[in-house]
Amino acid sequence: MSELSDLYQEIILDHNRRPRNYGKLEHATHEAEGHNPLCGDEISVHLKIEDDRITDITFDGQGCAISKASASLMTSRLKGRTLEEMRAVAADVRDLLTGQDEEPADLEKLGDLAALQGVRKYAVRVKCATLPWHALEAALAGDDEITTE
Ligand code: ZN
């Protein structure tokens, strides 16, 4: 189990060091900025959606390692996916991070996103990990900004 934790830790550190899909997106169709006042994270998500498919997705902003890694993992996973697939992934991640079950989700299905499970034990860190996902939801709902509490 500790080997698995090390692997998860390595994925988080790697995405923090070399964030994927970082930057603004020209011709974005949906955008929102997420604020997490508890930690000071400010993560913006930019999307290009065509025919119910996320053809491009990026993020930028300032944040701790967890919020940046979560955004990086999120964009890597969702690029090219349909909105329906996106909703399924978002629901799995919500379960992983905030579900009540001891063994929350199908880790294999989550792939690298399973690395986020380590934060479950730390309520404050959970807000960091969910921030990009809240910003994603806000963007799709047509809101420019969201603040978590
Ligand atoms: Zn944070």
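In what follows, the accompanying structure is described. (Residues numbered from 1 in each chain as written. Predicted model: local features only at pLDDT ≥ 70, side-chain atom pairs only at ≥ 80, totals over all residues. Heavy atoms only, no water.)

### With respect to the overall build of the protein
Helix and strand counts for the protein come out as five helices and four strands. For the protein, the α and β elements follow one another from N to C terminus as α-β-β-β-α-α-α-α-β. At 14 Å, the protein has a C-alpha radius of gyration in line with the 15 Å of a compact globule built from 149 residues. Principal-axis analysis of the C-alpha atoms places the extent of the protein at approximately 45 × 30 × 30 Å. Across the 149 residues of the protein, 43% fall into the buried class. Look at the contacts in the protein between residues 6 or more apart in sequence, and 59% of them connect residues 24 or more apart. For the protein, the computed accessible surface area is about 8,100 Å², with 45% contributed by carbon and sulfur atoms. Between the mean site of the 17 positive side-chain charges and the mean site of the 29 negative ones, the protein shows a separation of 3 Å. (Helix = DSSP H or I, 4+ residues; strand = E, 2+ residues; numbered from the N terminus. Rg over C-alpha atoms; globule rule 2.2 N^0.38 Å. Buried < 20%, exposed > 50% of the residue type's maximum accessible area, 1.4 Å probe, protein only. Contact = heavy atoms within 4.5 Å. Areas by Shrake-Rupley, 256 points an atom, 1.4 Å probe, with all protein chains shown as cover. Lys, Arg positive; Asp, Glu negative; His and termini not counted. Charge placed at Lys NZ, Arg CZ, Asp CG, Glu CD.)

### A few points about the nonpolar core
Leu47, Ile54, Ile57, Leu78, Leu113, Trp133 and Leu136 are the most contacted members of the largest nonpolar core, which totals 36 residues. Breaking this core down by element, the ones donating at least two residues are α1 (2-17), β2 (41-50), β3 (53-62), α2 (65-78), α3 (83-98) and α5 (123-141). Element by element, the count of residues in this core is highest for α5, at eight residues. Setting aside chain neighbours within four positions, we find leucine 78 in contact with Ile54, Ile57, Met86, Val89, Trp133 and Leu136. (Core = buried A, V, L, I, M, F, W, Y, C linked by side-chain atoms within 4.5 Å.)

### Examining the packing of α3 against α5
Interaxial distance between α3 and α5 falls to 11 Å at its minimum, and their mutual angle equals 155 degrees. By the angle between their directions, the pair α3 and α5 is classed as roughly antiparallel. Like other packed secondary-structure pairs, α3 and α5 cross with a definite hand, here left-handed. Of the residues in α5, those in contact with Leu83, Met86, Val89, Ala90, Val93, Arg94, Leu97 and Thr98 of α3 are Val126, Ala129, Thr130, Trp133, Leu136, Glu137 and Leu140. (Axes fitted to C-alpha atoms, helices over the stretch in contact; angles between N-to-C directions. Parallel < 35°, antiparallel > 145°, perpendicular 65-115°, else oblique. Left-handed = near helix turned anticlockwise from the far one by under 90°.)

### Regarding the environment of isoleucine 43
Assignment of secondary structure puts isoleucine 43 in strand β2. Remark: the alpha-carbon pair of isoleucine 43 and glutamate 33, spanning ten residues in sequence, is separated by 5.8 Å.

### Some remarks on the coordination of the zinc ion
Within the protein, the atoms that donate to the zinc ion are Cys39 (SG), Asp41 (OD), Asp41 (OD), Cys64 (SG) and Cys128 (SG), at distances of 2.2 to 2.6 Å. Taking the relative accessible area as the measure of exposure, cysteine 39 reaches 30% and is therefore partly exposed. Residue aspartate 41 is classed as buried on the basis of its relative accessible area of 2%. (Donors = N, O, S within 2.8 Å, 3.2 Å for Na, K, Ca; no water.)

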